[in-house]
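Read off the chains here:
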Amino acid sequence: MPKITLKTCIFWALAAAFVIVPWTLPATRDYAPGVAVLAGIVFAVAFGNPAGAVTARITSPLLGATIVGMGFGMNLIDVLRAGANGLVYTAIGITAGIGLGVLIGRKLGVSKNVMYLIGVGTSICGGSAIAAAAPVLKAKAHDVAIASATIFALNAVALWIFPAVGHYLDFSEPQFGYWAALAIHDTSSVVGAGFQYGPDALEIGTTVKLARALWIVPVTLFLSCCIAGADPADGRRRIKVRIPWFIPGFIAAAALVTLLPVTAPAGGAVKELSKYLMICTLFLIGSNLSREKLRELGLRPVLLGVILWVILATAWCAAIHAGLVNCAR
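Conventions we followed
Residues numbered from 1 in each chain as written. Predicted model: local features only at pLDDT ≥ 70, side-chain atom pairs only at ≥ 80, totals over all residues. Heavy atoms only, no water. Helix = DSSP H or I, 4+ residues; strand = E, 2+ residues; numbered from the N terminus. Rg over C-alpha atoms; globule rule 2.2 N^0.38 Å. Buried < 20%, exposed > 50% of the residue type's maximum accessible area, 1.4 Å probe, protein only. Contact = heavy atoms within 4.5 Å. Phe/Tyr/Trp six-rings, centres within 6.5 Å; stacked < 30°, edge-to-face > 60°. pLDDT = per-residue confidence, 0-100. Salt bridge = Lys/Arg side-chain N within 4 Å of Asp/Glu carboxyl O.

Caption draft 1: Seen up close, the overall build of the chain. Secondary structure summary: the chain contains 16 helices and 0 strands in total. Computed over the C-alpha atoms, the radius of gyration of the chain is 19 Å, within 12% of the 20 Å expected from 2.2 N^0.38 for a compact globule of 329 residues. Judged by the C-alpha coordinates and their principal axes, the chain covers about 55 × 50 × 40 Å. Per-residue burial over the chain gives 50% buried out of 329 residues. The contacts of the chain with a sequence gap of at least 6 include a subset with a gap of at least 24, amounting to 83%.

Have a look at this one:
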């Protein structure tokens, strides 16, 4: 049985606080997601994560569960409409993101695998896309760690910058939802930023982001067929495709409350609880960034990630501000 220490107790007390405090004190909700991920990073870097093995194992399923939970409070028709409306935009963004990632990566001298991992992580859905692309590219653990840490750091920054910029530009909630969904890497950070901005931003951002995540399938197929080398054992190419389980789960949850209106009150309660569990999840995700991972970061991969992210985020922001993106609900 693992030894219980004071540091472990403080760590889990903080995790619980990021559920309880925003739930009971509405004034803290606008800042809770950004504070949560920052607190997790600071705690892990300053004191070490006392439950690293546990948080590494539970953050991914916990994130998926909270996303599915939020689906219980959404209308399926609205979900499908927003997803379909964002389909063209996500296709443009992913094509531009991977293309620019390769072009800039080559100019910077970034290794092939890291270049593609950062490209798909930026363009599709952060850590999930990196996890799906890594086995196809036969990427080494070090390459995956560098790409993941780069994307993670930028996600943490996005939680603070995006809401501030959105308010400065006077974006409506639908406008901000689309911008967050098209320009922020991980689903968790899209949800966190949308939560800070408002309920419509949260709903639209989550839906469009999950539609963007579905591009894992065609992009993984492309990497497998056109980029990855053949298996040295038999000279054949191995096609491996992973679809995040929480995407069909989210759609099924929305379908349930839409088709059975009697479940809507319970679904709304589940959605509310899931929003606050997401803030706790952001704290746990932040705590997974260790000193060792920070030391693994090289200047060139970080520079690639920053340049690529700034270009795409700025381009989508300008397009939305100019009215070139249809942000109607």
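We are not done yet, so read on.
Caption draft 2: Quick peek at the environment of L289. The residue L289 is located in the loop between α14 (264–287) and α15 (291–296) in this model. You can call L289 buried: its relative accessible area is 6%. Taking the C-alpha atoms as reference, L289 lies 10.0 Å from A56; in sequence the two are 233 residues apart.

Caption draft 3: Here's a closer look at the environment of V302. Mapped onto the secondary structure, V302 falls in helix α16 (residues 299–321). Sequence spacing of V302 and A201 is 101 residues, and the spatial spacing of their C-alpha atoms is 29 Å.

Caption draft 4: Local environment of the packing of aromatic side chains. Summed over the entire model, instances satisfying the criterion amount to 13 aromatic pairs. Ring plane angle 85 degrees and centroid distance 5.2 Å describe the contact between F11 and W12, whose orientation is recorded as edge-to-face. Summarising the aromatic geometry, the rings of Y89 and W316 are spaced 6.3 Å apart at their centres and angled 80 degrees between planes, so their arrangement reads as edge-to-face. You can see Y89 sitting in helix α5 (residues 87–108) and its partner W316 sitting in helix α16, a full 227 residues away along the chain.

Caption draft 5: Structural view of the confidence of the model for the chain. In the predicted model, the chain carries a mean pLDDT of 83, and the fraction of residues at 70 or more is 91%. Predicted confidence in the chain is weakest over α15, with a mean pLDDT of 70, and strongest over helix α9 (residues 173–183), with 93.

Caption draft 6: Region of the structure containing the pattern of salt bridges. The final tally for this structure, using the stated rule, is 1 salt bridge. Taking the shortest distance from any N to any O, the salt bridge between E272 and K275 comes out at 2.9 Å. Taken together, the residues span about one helical turn, with E272 and K275 both in helix α14 at a distance of 3 residues. Here E272 falls in the partly exposed class, since its relative accessible area comes to 33%. Relative accessible area serves as the criterion here: at 13%, K275 is assigned to the buried category.

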